[in-house]
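Overview (structure and organization)
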Amino acid sequence: MPVSSNIFQKIPFIRITSLFLTGILLNYYFQPDIRWIGIILTCLISSLLFFWYNADYLTLKIQYLLLSAGIVACGLFYPGQKQEKQLPEFNRKDYYLAEVCQKPAEKAKTFQTILLIQNKSLLKPERVIAYFSKDGFDSTLTTGDQVIVLARLQRIKNQGNPFEFDYQTMMSQRGIWYSMYLPYGTYLKSGMKINRWAYYPEQLRDKLVALLAKALSSKEERSVVSALTLGYRTELDHETLDYFASTGAMHVLSVSGLHVALIYYILGVLLAFVKRGKSGILVFSVVMILFLWLYAIITGFSPSVQRATVMFSFVVIGNSLRRPVNIYNSLTASALFLILLNPNVIFDIGFQLSYLAVFGIVLIHPEISGILKPTNPLLKKLWAFFTVSVAAQLATFPLGLYYFNQFPNLFWLSNYAVIPMTTLIIWLTLAFFALSPIPSAALFIGIGIQKITQGMLYILKEIDSLPYAVSEGFVLSSFQVWLLFGVVIALLIFWFSKRKSWLIAALSMILLVQLNSVFQKESQLNQNQLIVYNTRNLMIHLIDGRNNYLITTDAKQLSESEWSALKRVRFHLGLSPAKVISIKEHAKNTLDDLKFSKDKIQFLNCTLEFISNQWNSNAPGQIKLTVFASRTGEKMCCKTIDLVNSYSEKEIEESAIFRIKRDGAFRINLKNPNLTLSESM
């Protein structure tokens, strides 16, 4: 085939994957008619066959374009990019036969797990999130148990607050659309054990976590070690997650590329003797891949572990072929393999960050590490740690700002402690599991693991407490994210090619980012909004430019998640810290733009009247919202907002899934309420 020597020569999988990915994204965002896609694909294949045996320069170019267009069309045609499902509503409780897919994990007020349920009303077995009440909870429930449950299926929905994380979409991409709440007396073990291949990794991991629980007395240290080595993150509390995130060390808590790379290195050292002999490389590769996938099974076969294991499996295969291994080919081949298995993986945050980080390390690290060449072995190691951290951050920081609205300024400092100590913890934990039949040896190693983990946590907490450890409040649009990636790419090309045009392009895109930010801030100075949050406690947010007020019953009663909802809105709308006003103490507040009366609040051209109950009461009720035109006084909008739903207060208190009091938040632009009235945003 003449075209084979000219198309996709050095790094074919980068081109194939990028073109296929382009087709998937086009289908996801524009949803073209599938019949036209089929017609176009047929025409492309026919044209390619027509030009196949010609070898002149123009024909080769045409073949290249046809092949590229064909790969894009294959991405358009590939099924499963967008999950759409007709979801029935369940208005009453029913009996279901359920299987426990993973051991229930303790949360603040419930035990949470995933059940596989079935009954005559379901077309096929469905995976659902189940919340068990702590009152009378059966602690013997574990992976593979069959349970009979009596419950009402609830659609998983977002709370509807502005700029919140899209939990509903994330769960739907995992094939979960419903949840259920199970108080004491609504579930019963049947006594049968379900044996499925998918449950074996979970059951094995449960046993290993139980071994760690016997050796490590502190829950925080045990939860961190379980996350580092086994990918078991369900016991981690929010405080621990926060200081890992703010110090830039969150990546070690998700078993992914770093951990599989360490296992790859450890196995490479231990199995080096296998390479001897004629068939040594083949035996080494087979054994290495088997051990890598065994580790993936032990860690629960999570998506991040699957990605990393596939990636390193392709690297091992490339090495075994005794050819010069192109790491970019191996990486993109593994990415294409995962995309073919599940196209929705491209929307997974972990998938995006892990592959970008690895590409950054492979591409950028060799360049910046050559800036300095220390001769001292210790300085050389310290410089290598620093440059690896910087390379990974350069490749991922636009997405980090977009998803998390913060940047860990001391990421490089935390990695000096986290990476070596994580490596040591993984080594010791593997030795602990291997020597667990010998109690004295396991106890000795367990003490070592606990001391190292204590030291790592202490260092991270100290770094987190330093001033300016983290910068918050970054809010990027998708357009700005693409511009920042363009800046990084243009600077890299300039570094390699030394062509000034790429430097000018990078500076131009930086200017566009800044201009876009200026326009955003300008619009924020003139905003007038009212938001009634969909939270358990009453939260009314009044916004005038950057000035804003939060009206609530009692600020001391607001939960961490409610403060987080307020914080997200502040960041996205560029607001100053909100002035919090308690309804019970409203008489103390004398403000020009905010007036209180017996049961009303007047803000700009908006009147909020509390009805059904006294507005300064903790009891639920209704708010009657009326918006008037600023000059004429004409009524522009009138709406009543309910503050309760059909769920009982007991259920609301028992489980986070029943915390929602309304169908969604209420958000309105006071400058033009008739056009921008919006609920469930």
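Residues numbered from 1 in each chain as written. Predicted model: local features only at pLDDT ≥ 70, side-chain atom pairs only at ≥ 80, totals over all residues. Heavy atoms only, no water.

**Here's the deal with the overall build of the protein**
Quick reminder of the rule: The helix and strand labels rest on DSSP assignments: H or I over at least four residues marks a helix, E over at least two residues marks a strand, and numbering proceeds from the N terminus. Between buried and exposed lies partly exposed: a residue is buried under 20% and exposed over 50% of the maximum accessible area for its type, with that area taken using a 1.4 Å probe on protein chains only. Contacts are assigned to residue pairs that have any heavy atoms within 4.5 Å of one another. Shrake-Rupley sampling with a 1.4 Å probe provides the accessible areas, and residues are treated as covered by the protein chains on show and by no other component.
Looking only at helices and strands, the protein features 20 helices and 21 strands. By residue count, 44% of the 681 residues in the protein fall in the buried class. Contacts in the protein between residues far apart in sequence, at least 24 positions, make up 65% of those at least 6 positions apart. For the protein, the accessible surface area stands at approximately 35,500 Å², while carbon and sulfur atoms represent 62% of it.

**As for the nonpolar core**
Convention followed: What we call a nonpolar core is a set of buried Ala, Val, Leu, Ile, Met, Phe, Trp, Tyr and Cys residues that are connected through their side-chain atoms within 4.5 Å.
Val 224, Phe 244, Leu 253 and Met 456 are the most contacted members of the largest nonpolar core, which totals 32 residues. Where this core is concerned, the elements lending two or more residues are helix H5 (199-215), helix H6 (219-230), helix H7 (238-246), helix H14 (411-434) and helix H15 (439-465). With seven residues, the top contributor of residues to this core is H15. The contacts of Met 456, once residues within four sequence positions are left out, are Val 224, Leu 228, Phe 244, Val 418, Met 421, Thr 422 and Ile 425. Counting 23 residues, the second largest nonpolar core, distinct from the first, contains Ala 130, Val 147, Ala 151 and Trp 177.

**A look at the pattern of salt bridges**
Using the following cut-off: Each salt bridge in this description consists of a side-chain nitrogen of Lys or Arg and a carboxyl oxygen of Asp or Glu lying within 4 Å of one another.
All told, the structure shown has nine salt bridges when counted by the stated rule. Here Glu 220 makes a salt bridge to Lys 461, at a shortest N to O gap of 3.5 Å. Here Glu 220, found in helix H6, pairs with Lys 461, found in helix H15; they are 241 residues apart in sequence, far enough to count as distant. A residue is classified by how much of its surface remains accessible, and Glu 220, at 23% relative accessible area, is partly exposed. Salt-bridge contacts for Lys 567 lead to Glu 472; the nearest nitrogen and oxygen are separated by 3.1 Å. Residue Lys 567 is located in helix H18 (residues 560-573), and its partner Glu 472 is located in strand S10 (residues 470-472); the two are separated by 95 residues in the primary sequence. Looking at Lys 567, the relative accessible area reads 34%, which means it is partly exposed.

**With respect to a nonpolar patch on the surface**
Operational definition: A patch consists of residues exposed above 30% relative accessible area that lack any salt bridge, with like charges linked at up to 9 Å and nonpolar side chains (Val, Leu, Ile, Met, Phe, Trp, Tyr) linked at up to 5 Å.
A grouping of Leu 25, Leu 26, Tyr 29 and Phe 30 is seen on the molecular surface, where their side chains present a nonpolar patch of about 430 Å² in accessible area. The residue Tyr 29 is located in helix H1 (residues 12-30) in this model. Judged by relative accessible area, which is 56%, Tyr 29 ranks as exposed.

**Details of the packing of aromatic side chains**
To be explicit about the condition: For Phe, Tyr and Trp, where Trp contributes only its six-membered ring, two rings pair if their centres lie within 6.5 Å, and the inter-plane angle classes them as stacked under 30 degrees, edge-to-face over 60, or tilted in between. By the criterion adopted, a ring carries a charge over it if an Arg CZ or a Lys NZ lies within 6 Å of its centre and within 35 degrees of its normal.
A full pass over the atoms with the stated rule returns 13 aromatic pairs. When the ring of Trp 412 is compared with that of Tyr 416, the centres are 6.5 Å apart and the planes differ by 85°; the resulting orientation is edge-to-face. Taken together, the positions of Trp 412 and Tyr 416, both in helix H14 and four residues apart, correspond to about one turn of that helix. What links up through ring pairs into an aromatic cluster is the set Trp 383, Phe 385, Phe 386, Trp 412 and Tyr 416. The lysine or arginine in question, Lys 134, covers the ring of Phe 111, its NZ or CZ lying 5.9 Å from the ring centre. In this structure, Lys 498 packs its charged tip against the face of Trp 495, placed 4.6 Å from the ring centre.

**As for the confidence of the model for the protein**
The condition that has to hold: As a per-residue measure, pLDDT tells how confident the predictor is, with possible values from 0 to 100.
Scored by pLDDT, the protein has a mean of 78; 78% of the residues are at 70 or more. Long-range and interchain partners of residues 613-620, a stretch whose pLDDT sits below 50, account for 19 contacts in this model, where long-range means more than four residues apart. Note on residues 644-663: pLDDT is under 50 here. Beyond four places in sequence and across chains, it has 49 contacts.

**Comments concerning the environment of Phe 20**
On the secondary structure map, Phe 20 appears in helix H1. Sequence separation between Phe 20 and Ala 69 is 49 residues, and the spatial gap between their C-alpha atoms is 9.4 Å. Setting aside residues up to four positions removed in sequence, Phe 20 forms contacts with Ile 71, Cys 74, Gly 75, Tyr 78, Leu 336, Ile 339 and Leu 340.

**With respect to the side chain of His 541**
As a reminder, the rule being used: Any N or O atom pair separated by 3.5 Å or less is treated as a polar contact, with the protein-specific requirement of one donor-capable and one acceptor-capable atom, and with residues adjacent in sequence counted only for side-chain atom pairs.
Take His 541: it is sitting in strand S12 (residues 539-544). Here the side chain of His 541 touches Tyr 533 through a polar contact of 2.8 Å, side chain to side chain. Here His 541 is in contact with Gln 529, Leu 530, Ile 531, Tyr 533, Asn 548, Tyr 549, Leu 550, Leu 566, Val 569, Leu 575 and Ala 578, once residues within four sequence places are set aside.

**Examining the pairing of strand S11 (residues 528-532)**
Definition in use: Only when DSSP finds a minimum of two bridges between them are two strands counted as paired.
Within S11, five of the five residues are buried, which leaves it mostly tucked inside the rest of the structure. Here S11 shows two buried faces, one formed by Asn 528, Leu 530 and Val 532 and the other by Gln 529 and Ile 531. Summarising the sheet, S11 and S12 pair through five bridges and their orientation is antiparallel. Bridge assignment links Ile 531 to a residue of S12, and that residue is His 541. Hairpin geometry of S11 and S12 is characterised by an intervening segment of six residues between the two adjacent antiparallel strands.

**Section: unusual backbone geometry**
A positive phi is found at Asn 405, a non-glycine position, where the angle reads about 60°. Tracing the sequence through the fold places Asn 405 in the loop between helix H13 (377-404) and strand S9 (406-408). Judged by relative accessible area, Asn 405 falls into the buried class, the value being 11%. Phi is positive for Lys 498, close to 65°, though the residue is something other than glycine. Position of Lys 498 relative to the elements: it lies in the loop between helix H16 (478-497) and helix H17 (500-525).

**As for helix H12 (residues 349-369)**
Heads up, the condition is: Between the first and last residue of a helix there are one fewer steps than residues, each counted as 1.5 Å, and that sum is the expected span. Bend, in this description, refers to the angle at a residue between axes fitted to the seven residues ending there and the seven starting there.
For H12, built from 21 residues, the straight-helix expectation of 30 Å at 1.5 Å per residue is met to within 8% by its first-to-last C-alpha distance of 28 Å. Taking the largest bend as the criterion, H12 deviates by roughly 35°, centred on Leu 363, and proline Pro 366 comes between one and four positions later. Those residues of H12 lying buried are Phe 351, Gln 352, Ser 354, Tyr 355, Ala 357, Gly 360, Ile 364, His 365 and Ile 368.

**Examining the pairing of strand S14 (residues 579-582)**
In the case of a regular strand, side chains alternate between the two sheet surfaces. Where we set the bar: By convention, orient the strands away from the viewer: a clockwise path from the first strand over the helix to the second makes the crossover right-handed.
Strand direction decides the pairing type here: strand S13 (residues 547-552) and S14, joined by four bridges, are parallel. Paired with Ile 551 across the bridge in S14 is Ile 581. The parallel pair S13 and S14, bridged by H18, forms a crossover whose chirality is right-handed.

**Here we look at the packing of H5 against H14**
Going by this rule: Lines fitted to the C-alpha atoms define the axes, with helices restricted to the stretch that makes contact. Angles between their N-to-C directions range from 0 to 180 degrees. The scheme is simple: roughly parallel for angles under 35 degrees, roughly antiparallel for over 145, roughly perpendicular for 65 to 115, oblique for anything else. Each residue gets one label: Ala, Val, Leu, Ile, Met, Phe, Trp, Tyr, Cys and Pro are nonpolar, Asp, Glu, Lys and Arg are charged, and the others, such as Gly, are polar.
The N-to-C vectors of H5 and H14 enclose an angle of 100°; their axes lie 11 Å apart at closest approach. When the axis of H5 is compared with that of H14, the two are roughly perpendicular. The residues of H14 that touch H5, namely those facing Leu 208, Leu 211, Leu 212 and Ala 215, are Thr 429, Phe 432 and Phe 433. Here the residues of the contact of H5 with H14 sort into six nonpolar, one polar and no charged.

**So, H18**
With 14 residues, H18 should cover 20 Å at 1.5 Å per step; its first-to-last C-alpha distance of 20 Å lies within 8% of that length. All of the buried residues along H18 are Glu 562, Ala 565, Leu 566, Val 569, Phe 571 and Leu 573. Remark: Gly 574 follows H18 within two positions and exhibits a positive phi of approximately 65°.

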